[in-house]
Amino acid sequence: QVQLVESGGGLVQPGGSLRLSCAASRSIFSFNVLDWYRRAPGKEREWVATITSGRTTNYADSVKGRFTISRDNAKNTVYLQMNTLNPEDTAVYYCRGVVGYSTYWGQGTQVTVSS
């Protein structure tokens, strides 16, 4: 069993930045895919960004150019750098890891963008 623990959420003003972290309880070297998802109030969960084991990245159009996903295998951590935040980015952010046929989710971290 793998545990994923997100951190770094909080309250930020529009235009501000936050960096989310997702720490795994074991090595992420073998993880095929590491993703960030989010769920805004009253909305369905949506995919935000993906990084593969080969460090290929993909982003939802809504965050492209503002968010950056990265991974540090030595620290067993995946990051989401979020810049130029706006109120529409307010959501609970979740990380997901896929290794083999198994999928793991973190518990989420709240990001609130408000003045």
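This report concerns the structure included in the present document. If you're wondering where the values come from, they're calculated on a predicted model, not measured in any experiment. (Residues numbered from 1 in each chain as written. Predicted model: local features only at pLDDT ≥ 70, side-chain atom pairs only at ≥ 80, totals over all residues. Heavy atoms only, no water.)

### Side note on unusual backbone geometry
Then, in step 1: Residues other than glycine seldom take positive phi values, yet Asn76 does so here, at roughly 55°.
Then, in step 2: Its identity is not glycine, yet Thr84 carries a phi of approximately 50°, on the positive side.
Then, in step 3: Position of Thr84 relative to the elements: it lies in the loop between strand S8 (77-82) and strand S9 (91-99). (Helix = DSSP H or I, 4+ residues; strand = E, 2+ residues; numbered from the N terminus.)

### Focus on the pairing of strand S10 (residues 102-105)
Successive side chains on a regular strand alternate, one facing one side of the sheet and the next facing the other.
Then, in step 1: Both S9 and S10 contribute to a ladder of 4 bridges, which runs antiparallel. Within S10, the residue paired with Gly97 across the bridge is Tyr104. (Pairing = 2+ DSSP bridges.)

### Regarding the side chain of Thr50
Then, in step 1: If you trace the backbone, Thr50 turns up in strand S5 (residues 45-52).
Then, in step 2: On the basis of relative accessibility, which here comes to 12%, the residue Thr50 falls in the buried class.
Then, in step 3: Here Asp35 takes part through its side chain, which lies 2.4 Å from a polar atom of the side chain of Thr50.
Then, in step 4: For Thr50, the residues in contact, after removing those within four places along its chain, are Val33, Leu34, Asp35, Thr56, Thr57, Asn58 and Ile69. (Buried < 20%, exposed > 50% of the residue type's maximum accessible area, 1.4 Å probe, protein only. Polar contact = N/O pair within 3.5 Å; in protein donor to acceptor, adjacent residues only side chain to side chain. Contact = heavy atoms within 4.5 Å.)

### What to know about the state of the cysteines
As used in these notes, a disulfide is a covalent bond between sulfur atoms, one from each of two cysteines.
Then, in step 1: The final tally for this structure, using the stated rule, is 1 disulfide.
Then, in step 2: One disulfide in the model links Cys22 with Cys95; its S-S distance is 1.9 Å. Around the S-S axis, the bridge from Cys22 to Cys95 shows a dihedral of about 45° and counts as right-handed. Here Cys95 lies in strand S9 and Cys22 lies in strand S3 (residues 18-24), a separation of 73 residues in the sequence. (Disulfide = S-S within 2.5 Å.)

### Brief notes about the packing of aromatic side chains
Then, in step 1: On inspection of all chains with the given rule, the structure shows 1 aromatic pair.
Then, in step 2: A cation over a ring is seen here: Arg45 above Tyr37, with NZ or CZ 5.8 Å from the ring centre.
Then, in step 3: One residue, Arg45, lies across the ring of Trp105, its end atom 4.0 Å from the ring centre. (Phe/Tyr/Trp six-rings, centres within 6.5 Å; stacked < 30°, edge-to-face > 60°. Lys NZ or Arg CZ within 6 Å of the ring centre and 35° of its normal.)

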